[in-house]
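Single-letter residue listing:
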Amino acid sequence: SKVEDRGYILGRIEALAPGAADAEAEGLSHVTARVSEALRGWLVASAREELGRLAPAERATSVLINSCGRLLYVQGDLPGAEALYLEAVGGRRDQLGDRHPD
């Protein structure tokens, strides 16, 4: 960690998560939290974009729909998580039938 890299690193952090570099005065943990929040937002947006490209039957049974639902749940977006989980359950039910143990 070179001192001369500090400005570059903080500039990149600011581009990724606006306001995160300002959190530097509060400590590295605040910067890390802001960057992590921005990355989770990007991950959800990317997952939703990829899900939008899938055919409905493939989308409802993909691992991605459950993973995205879990991330939304962890972030506290319960309505968003519920919608994806219900879609996934419906897709599994359509594919496997009502009597399947899963």
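Residues numbered from 1 in each chain as written. Predicted model: local features only at pLDDT ≥ 70, side-chain atom pairs only at ≥ 80, totals over all residues. Heavy atoms only, no water.

As a further point, take the confidence of the model for the protein chain. Keep in mind that low pLDDT regions are not for reading the predicted coordinates in detail. Looking at the protein chain, the pLDDT average stands at 83 and 85% of residues meet or exceed 70. Within the protein chain, the lowest mean pLDDT, 74, falls on helix α1 (residues 6-16), and the highest, 93, falls on helix α4 (residues 63-75). (pLDDT = per-residue confidence, 0-100. Helix = DSSP H or I, 4+ residues; strand = E, 2+ residues; numbered from the N terminus.)

For the rest of this paragraph, the subject is the nonpolar core. Grouped together as the largest cluster of nonpolar side chains are ten residues: Val44, Ala47, Leu51, Ile65, Cys68, Leu71, Leu72, Ala81, Leu84 and Ala88. Mapped onto this core, the elements with two or more residues apiece are α2 (28-53), α4 and α5 (78-96). If you tally residues by element for this core, the top one is α4, at four residues. Beyond its immediate stretch of four places on either side in the chain, Leu84 contacts Leu51, Arg59, Ile65, Cys68, Gly69 and Leu72. (Core = buried A, V, L, I, M, F, W, Y, C linked by side-chain atoms within 4.5 Å. Buried < 20%, exposed > 50% of the residue type's maximum accessible area, 1.4 Å probe, protein only. Contact = heavy atoms within 4.5 Å.)

In this section: α5. For α5, which comprises 19 residues, the first-to-last C-alpha distance of 26 Å matches the rise-based estimate of 27 Å (1.5 Å per residue) to within 8%. Taken together, the buried positions of α5 are occupied by Gly80, Ala81, Leu84, Ala88 and Gly91. The buried residues of α5 occupy an angular sector of 95° when projected down its axis, which confines them to one face. Turned more than 90 degrees away from the buried face of α5, the exposed residues are Pro79, Leu86 and Asp94. Residues of α5 that are buried in the fold lie against α2, α3 (56-60) and α4. Phi turns positive one or two residues past the end of α5, at Gly97, with a value near 90°. (Expected span 1.5 Å × (residues − 1). Arc of directions from axis to C-beta.)

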